[in-house]
Amino acid sequence: MKILLIDPPYNSLRRIGTSLNYPLGLASIAAFLNKHGHQALYLSMDVDPRLPAANTLSYRDMTSRDDLFIRETGSESTNPIWDNLADAVKCFRPQIVGISTISVKIRSVLKLSEIIKQIDSGISVVLGGHHSQIFAKELLDNASAVDFIVMGEGEETALELAEELGRGSKRFDSIRGLAFREGSGKVKINEARPLIKDLDILPPPEHCHYYDRGRFIPVPKISIMSSRGCPYSCHYCATNNIWRMSVRWRSPENVAAEIKGILANQKEKYLSFYDDCFTLDKAWLLKFCEIIIKEKIRINWQCITSLNLMEEEIFSHIVKAGCIKVNFAIESGSQRILESANKRIRLDNVKKIFTLAKKYKISTAAYIMLGFPGETEEDIRLTQAIIREVKPNWVYCSILMPLPGTKYYEICLKDKLLDPESAWRGETLKRTIMNFTGTIGDQRFFELVDETFYFCYKINTNWINLIKRMPVRNYLVNPLNILKDVRRTFEYIKNRQHRE
Ligand code: B12
Ligand code: SF4
């Protein structure tokens with residue numbers, strides 16, 4: 001079967017720049033389908049590095065870009081992005097189109113599904129990923145352009161569905177992890193599919209993108225994942241809706257083999273590990289570092305982890321294995337807020353870990369978040385204070401979104417802050433910055449958001465940090481990054497003058 005897998009547009013419709021990140025879920029499904037004789041490609045519709053980056057924008061800018069997203073996903077939109085999709089479908093002529101659904105993109109997903117059906121009603125439209133698995137019934141009841149929903153981990157279910165559609169026998173009842181409409185129109189959600197026991201059975205993600213190379217010159221950031229899942233359950237996080245709290249690791253040898261394959265085929269020598277907690281299993285990590293060092297695999301990389309999963313021994317190993325940046329989720333400088341969010345870190349550890357990172361010359365990024373239920377202005381000041389104290393090289397600030405399937409979503413529903421009826425079609429999350437604190441008035445909250453965004457830019461655009469960014473940007477291998485960064489620096493300066 002010919003299958004087109006789509007990462008739908010969101011930032012590109014908001015005119016916000018995103019560099020090409022391989023969509024690992026779609027690339028993994030494509031690899032699995034192709035390994036079994038199908039012809040699958042993916043199309044990244046959310047990538048345009050020419051547009052301004054989100055972290056150069058103010059609250060007001062963000063809000064106007066949300067309006068743009070709402071308009072461009074409406075029925076009147078004539079955005080060329082939809083024509084590009086139509087061209088791809090007419091040219092590739094897939095029998096199945098699979099679309100990935102994170103909640104903020106669901107308006108795009110629904111529009112894409114309709115466009116596809118208008119082009120050819122015989123194409124099967126399949127959704128998968130976070131949002132569609134939570135709202136499978138509502139979507140199949142209301143969106144006639146959607147035929148199937150793959151619940152949870154997608155590779156095996158997608159393959160069985162493609163085989164069944166290929167046979168034309170329409171016996172979907174026995175496909176575990178599938179939701180669909182029966183002949184009577186009634187929605188049927190089949191028994192859940194167990195998670196894949198051994199991740200090494202999956203082929204490495206296949207980067208087979210179908211996009212118009214003429215529109216821009218993408219320099220892909222290479223993403224990689226060595227595990228699926230996280231043992232924690234922070235109240236704002238949706239990861240375990242798919243991974244169900246179990247953590248599975250690929251073998252270190254299998255990950256090293258993927259890296260060798262990347263090095264053989266790509267110019268890029270910098271990897272981003274997107275594992276939820278890359279340093280969770282110390283024995284695994286030390287073995288992985290040992291292989292990278294022993295086999296002289298020359299690669300630089302970054303990872304994301306939790307502060308309570310770091311110690312000096314880990315720093316000393318990862319640095320030798322090429323790690324040059326670690327992203328830490330601090331989230332809040334208020335221990336009370338961390339506890340209320342079920343975030344298992346102790347702030348007294350933060351300073352120690354950042355000092356160790358400096359000792360091992362590893363760049364650091366800190367994720368922070370504003371807008372926790374119950375958060376006060378004082379808590380936000382504590383978050384700014386901890387960042388001032390530990391001085392990361394980057395700070396990424398986001399505003400809490402009550403994502404479906406999380407504890408905060410339940411709380412917001414209970415407090416009638418969200419409308420359960422319209423959540424399936426993305427009405428509840430169509431704005432990036434909303435105030436769910438319940439303690440700070442809207443106007444003050446948005447002022448604090450703006451102030452903190454600006455506080456972050458100042459750190460991110462500090463000259464010393466720009467210089468420290470150089471190894472991560474890998475200028476020797478990707479000279480185009482120099483142009484991109486010069487342009488971005490001008491954007492920062494322009495915004496800064498405008499805001500000061
Ligand atoms: C890497 C990542 C990013 C990268 C994206 C890079 C990229 N394009 O790959 C960046 C940093 C840009 C990012 C941004 C955001 N992200 Co993000 N991200 C992740 C992360 C850590 C890994 C994603 C991944 O590759 N997973 C690995 C693959 C194998 O899993 P998967 O994508 O879920 O796919 C599997 C199944 O879901 C299913 N499946 C998925 N799609 C489809 C489609 C079909 C047709 C089928 C059959 C099956 C299927 O099968 C796949 C294979 O088993 C996840 C958390 C996580 N651990 O998954 C959060 C996550 C997906 N992100 C999330 C969010 C909220 C965001 C932002 C909205 C944050 C923000 N406020 O700005 C933005 C959106 C920006 C955008 N334009 O997309 C949420 C989504 C929850 C939700 N309900 O929507 C998650 C779960 C994080 C969380 N902790 O809650 N993100
Ligand atoms: S925020 Fe991080 S640590 Fe918390 S549940 Fe999500 S992935 Fe796990």
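For the structure itself, consult the block above.
Parameters at a glance
- Residues numbered from 1 in each chain as written.
- Chains lettered and ligands numbered in written order.
- Predicted model: local features only at pLDDT ≥ 70, side-chain atom pairs only at ≥ 80, totals over all residues.
- Buried ≥ 20, exposed ≤ 12 C-beta atoms within 10 Å, placed from the backbone.
- Helix = DSSP H or I, 4+ residues; strand = E, 2+ residues; numbered from the N terminus.
- Pairing = 2+ DSSP bridges.
- Axes fitted to C-alpha atoms, helices over the stretch in contact; angles between N-to-C directions.
- Contact = placed C-beta atoms within 7 Å.
- Near = placed C-beta within 6 Å.
- Nonpolar A, V, L, I, M, F, W, Y, C, P; charged D, E, K, R; others polar.

Caption draft 1: Region of interest: the pairing of strand E2 (residues 39-44). For E2, the tally of buried residues reaches five of six residues, placing the bulk of the element in the interior. As judged from the six bridges shared by strand E1 (residues 2-7) and E2, these two strands associate in the parallel manner. Looking across to E2, one finds that Ile-3 is bridged to Ala-40.

Caption draft 2: Inspection of the sheet that holds strand E3 (residues 96-100) at higher detail. Taken together, seven strands build an open sheet; the order of strands is E2-E1-E3-E4-E5-E6-E7 and the sheet is mixed. Unpaired on one side and paired on the other, E2 and strand E7 (187-189) mark the two borders of the sheet. In this sheet, neighbouring strand axes are inclined to one another by 20 degrees on average, regardless of whether the strands run parallel or antiparallel. One ladder, built from three bridges, connects strand E4 (residues 124-128) with strand E5 (residues 148-150); its direction is parallel. Bridge pairing in E5 links Val-126 to Phe-148. Contacts from helix H1 (residues 24-35) reach E1, E2 and E3, with the element oriented near 165 degrees to E2. Against the sheet, helix H3 (residues 80-92) makes contact with E1, E2 and E3, and its axis sits at roughly 165 degrees relative to E1, the strand it touches most.

Caption draft 3: Geometry of the environment of Ser-64. Topologically, Ser-64 is positioned in helix H2 (residues 59-72). The class of Ser-64 is partly exposed, set by 13 C-beta atoms lying within 10 Å.

Caption draft 4: Fine view of the site of ligand 2. Around ligand 2 sit Cys-230, Tyr-232, Ser-233, Cys-234, Cys-237, Thr-239, Asp-276, Cys-277, Ser-306 and Ala-329, and that is every residue in its neighbourhood. Class assignment of the residues belonging to the shell around ligand 2 gives a composition of six nonpolar, three polar and one charged.

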